[in-house]
Amino acid sequence: MLTLGFLVEMEAKPGHEGEVAEFLRQAKALVDAEPGTIVWYAFQVGPTSFRIFDAFNNEDDRQFHLAGKVRQGLEARADLFDPPPKINPVDLLTYKMPA
């Protein structure tokens, strides 16, 4: 059962929106290699605003993802963001997914 997640909030610096979108598209391959990351969505909510939502069955999987390649990529591309991405841990109350 999914119990834990992250909501990551990102603001692209003006003129870097396309680079952020492409980074997120490419990050999916990194997440695909993480069996403990059950759900992963990357999306845009405004002209410069991007988000990631992901979910996990347990804290070990969440911590593995937190230390993983997507976060390393965010840190390596800090020049794309202002302010730096904000990683918010969340506790899932309920959800609906296909069986």
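In the nomenclature of an unreviewed UniProt entry, the protein chain is known as ABM domain-containing protein of Catellatospora chokoriensis.

1. As for helix H2 (residues 59-66)
Where H2 is concerned, the buried positions are Arg62, His65 and Leu66. Here the buried residues of H2 occupy an arc of 100° about the axis, which is enough to place them on one side. Residues of H2 that are exposed and point more than 90 degrees away from the buried face comprise Asp60 and Phe64. Contacts from the buried residues of H2 go to strand E1 (4-11), helix H1 (17-32), strand E2 (39-44), strand E3 (49-56), helix H3 (69-76) and strand E4 (86-91). The N-terminus of H2 is capped by Asn58, whose side-chain oxygen sits 3.1 Å from the backbone nitrogen of Asp60.

2. Quick word on the sheet that holds E1
Remark on secondary structure: sheet strands pair via backbone hydrogen bonds, oriented parallel or antiparallel. Strands sit in the order E2-E3-E1-E4 across an open sheet of 4 strands; the sheet is antiparallel. Looking at which strands have only one partner, the edges of the open sheet turn out to be E2 and E4. Averaged over neighbouring strand pairs, the angle between their axes works out to 15° when direction is ignored. Sitting on the sheet, H2 touches E1, E2, E3 and E4, and the angle it makes with E1 is about 25°.

3. Observations concerning the UniProt feature "domain: ABM" (unreviewed entry) in the protein chain
UniProt records the feature "domain: ABM" (unreviewed entry) at residues 7-67, using the numbering of this structure. Summarising residues 7-67: 39% helix, 31% strand, and an end-to-end C-alpha distance of 15 Å.

Cut-offs used in this document
- Residues numbered from 1 in each chain as written.
- Predicted model: local features only at pLDDT ≥ 70, side-chain atom pairs only at ≥ 80, totals over all residues.
- Heavy atoms only, no water.
- Buried < 20%, exposed > 50% of the residue type's maximum accessible area, 1.4 Å probe, protein only.
- Helix = DSSP H or I, 4+ residues; strand = E, 2+ residues; numbered from the N terminus.
- Arc of directions from axis to C-beta.
- Contact = heavy atoms within 4.5 Å.
- Polar contact = N/O pair within 3.5 Å; in protein donor to acceptor, adjacent residues only side chain to side chain.
- Pairing = 2+ DSSP bridges.
- Axes fitted to C-alpha atoms, helices over the stretch in contact; angles between N-to-C directions.
- UniProt positions renumbered as here; feature names shortened; annotations may be inferred.

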